[in-house]
Amino acid sequence: MGVEAQATNERVTGRRWTVRLDPVGRGRADVRVSCSRPACAAQVLPSAAAGRTAAIAHLKAHLRAGPAPRPSVHCACRAEECHTHIRPAGPRERPVPWRCGGAVVLAVITDREGRWWQVMECCSRCAAAHPTAKVVATAPAAGASARDDGLRADTAALAAPAATAVPAPTFSAISPHFSHSATATGTAVPQQAPAPRSAARSAPRSARPTRKRPPRGRIAQRLVPHDLRPVALRDELTELGELFRAYQARTEPDLAVLADLHARKAEAFNAWAEVTADTGLRLDARRAEQAAATARLQHLHRIGQAPDGEGPAVVRLLTAPAQWKHARAVLAHVAENAPLPGAEARLLVVMVTLRTAQSGVGNLVGQDIKGLPLQDPQHLVEQLVESGWLGISGTVEELIASRPENPTRISVPSLTPDEDDPGPFTFGRKLRPKLSGWAQRVVGEKKLRKGKTGADVRLLALALATGSDGEGRLGSGGEGIGLDALSSWCSVDPADLPDLVDRLTAADWLAEADVTDTRLTGRLTERVLPLGCPLT
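Predicted model, so just to flag it, every value in this text is computed and none were measured.

(A) Broad picture of the sheet that holds strand β11 (residues 408–411). The strand order β9-β11-β10 describes an open sheet built from 3 strands, whose pairing is antiparallel. Edge strands, defined here as strands with exactly one partner in the open sheet, are β9 (361–364) and β10 (391–392). Pairing of β9 with β11 involves 4 bridges; the strand directions are antiparallel. What sits directly across from V361, in β11, is S411. Sheet strands touched by helix α10 (residues 343–356): β9 and β11. Its angle to β9, the strand with the most contacts, is close to 120°.

What follows is the structure in structure tokens.
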């Protein structure tokens, strides 16, 4: 009998469980809601807002169905020896743990970003020490019997008329808020137990619990007022700020998502301007509308669809303006740093540079070189190696004979980054093969190969592909390209350019071409527009 009594009176550690909101995968919008209680299965929701709503609903269900806090349990953080609430040391003090004390409460602790919610059965002093803790319920006094508690509850329920029933507490989409107001019958809901005054006076000022306002949202360098009404508008602005910051952290852009975000921002800022009569908000809303239209148009061009009332859009091999700028940057770098003269050497340097642009090293096979219009590729590679611009593992003969299953390792020292010099290019590893593939498509275009065009013609094709506007007209605004720039890039005499232009016209690359004393005008044909990198 004594053993049974000892087991019955043994104090146990308070309950604790956590509801979390985690991303499903990198670059994805859907989230996973999980609960640490073993009987709860995880849920996948399409957005962060839906995930927070589901997480708070799940937490509310646990709080409603679970038992009240037990007055005889140990504080839940006792298992951690109150490491969460260690009081910082003063100038002449040692760190002292926050001692447990006060009534046992059921508290909810959440992070400011709304990513997790933890329910703890702990003492009121530890709950008061945590700045984000919200007390849901307080354990009854140790001397009160369960029968007395039930009788008081039945009496209060009978005394309260149906018309004055207390509504269920409401919750924000960002973090839970638990109501502690008194009921209509005058029976007060237990409040959060404050820390004893003696402990508060003895603690350093930096360790005393401070009363803080709810966290404020931020969007477009503006703080969302915590007292902004209606509440739905405040929550929408806060959520939009989080979504914009999440979009900026993505590794790959999604213009359709960005257009929707700008459209929502425009609508929310218009509503905000109506509430506050702020002209600046109206201007921001108008700019957001313009940004949404631009992003949506760019998205349609990327996927090859035409806006309403327009013809078919061009599906380009390189889809983004940033990629077009990087392609022009590579060609400009080769023009300034080519180690050997002549069109054939210039073309080979372009292709090798695109293979090694990111790290200064890459792989090459014989077909990559023999597929170019070079009269003596082996001698040309030997010249690049002798000049010190190119390094290869093995001999030149082995490089020319290498196959895809056994490529040759090559390096370009001038492109190899180090601590002092990050290299001439700023694009990442994913873009390098796209640029290399684009150049191979231009240089090895079917009609250029069938026409047996030389390196100078293909260099001119590269220059015109990066020197036309969105409609294929040469030069900015269709004004044409200077002959001096073209002859320097193609490494040919300006007098030879008309012949190169005629060969490109015969290969159905150019239309309406006109060579004057100083400029080349015309446009790219519809057939090769997908290979173009429009001037922006």
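(B) Broad picture of the environment of A68. Tracing the sequence through the fold places A68 in the loop between α2 (48–65) and β4 (104–110). Since its relative accessible area comes to 51%, A68 is described here as exposed. Residues A68 and P140, 72 residues apart in the sequence, show an inter-C-alpha distance of 9.1 Å. When neighbours within four sequence positions are excluded, A68 is seen to be in contact with R15 and E121.

(C) Layout of the environment of V443. Looking at the secondary structure, you find V443 in helix α14 (residues 431–443). Along the chain, V443 and L462 lie 19 residues apart, while their C-alpha atoms are 7.3 Å from each other. Those residues in contact with V443, other than ones at most four positions away along the chain, are L347, M351, L372, L448, R458 and L462.

(D) Summary view of unusual backbone geometry. Residue P230 follows R229 across a cis peptide bond; omega there is 5°. With a phi close to 55°, A277 is a non-glycine residue in the positive phi region. Here A277 lies in the loop between α7 (255–276) and α8 (279–303). Located in the positive-phi region is S491, a residue other than glycine, with phi close to 60°. Residue placement: S491 occurs in the loop between α17 (483–490) and α18 (497–506).

(E) Representation of the pairing of β4 within the structure. Extensive coverage of β4 is indicated by the burial of 7 of its 7 residues. With burial as the criterion, each face of β4 is covered, one bearing V104, L106, V108 and T110 and the other bearing V105, A107 and I109. Here 7 bridges tie β4 to strand β5 (residues 116–123), and the two strands are oriented antiparallel to one another. By the bridge assignment, L106 is partnered in β5 with E121. Hairpin connection between β4 and β5: a loop of 5 residues separates the two successive antiparallel strands, and G114 in this loop has a positive phi of roughly 70°.

(F) Summary view of a negative patch on the surface. A surface patch of negative charge is lined by D418, E419, D420 and D421. Position of D421 relative to the elements: it lies in the loop between β11 and α14.

How each quantity is defined
- Position numbers for residues start from 1 in each chain and track the written sequence from start to end.
- With pLDDT at 70 or above as the cut-off, local features in this predicted model cover only qualifying residues; side-chain atom pairs require 80 or more to be listed or tallied, and sums for whole chains, interfaces and linings still use all residues.
- For side-chain calculations, the full set of non-hydrogen atoms in the structure is used, while hydrogens and water are omitted.
- By definition, two strands form a pair when at least two bridges between them are found by DSSP.
- To qualify as a helix, a DSSP run of H or I must reach at least 4 residues; to qualify as a strand, a run of E must reach at least 2; elements of each kind are numbered from the N terminus.
- A contact between two residues is defined here by any heavy atoms of the two lying within 4.5 Å.
- Angular values range over 0 to 180 degrees, each being the angle between N-to-C directions of two axes fitted as lines to C-alpha atoms, with helices fitted over their stretch in contact.
- Here's how the labels work: a residue is buried when its accessible area is under 20% of the maximum for its type, exposed when over 50%, partly exposed in between, all with a 1.4 Å probe on protein chains only.
- Surface patches are defined over residues having more than 30% relative accessible area and no salt bridge, joining like charges when they lie within 9 Å and nonpolar side chains (Val, Leu, Ile, Met, Phe, Trp, Tyr) when within 5 Å.
- Residue exposure ignores everything except the shown protein chains as possible cover, and the areas themselves are Shrake-Rupley values with a 1.4 Å probe.
- Any Lys or Arg side-chain nitrogen located within 4 Å of an Asp or Glu carboxyl oxygen qualifies as a salt bridge.
- Charge assignment: positive for Lys and Arg, negative for Asp and Glu; neither His nor the chain ends contribute.
- By convention, the charge on Lys lies at NZ, on Arg at CZ, on Asp at CG and on Glu at CD.

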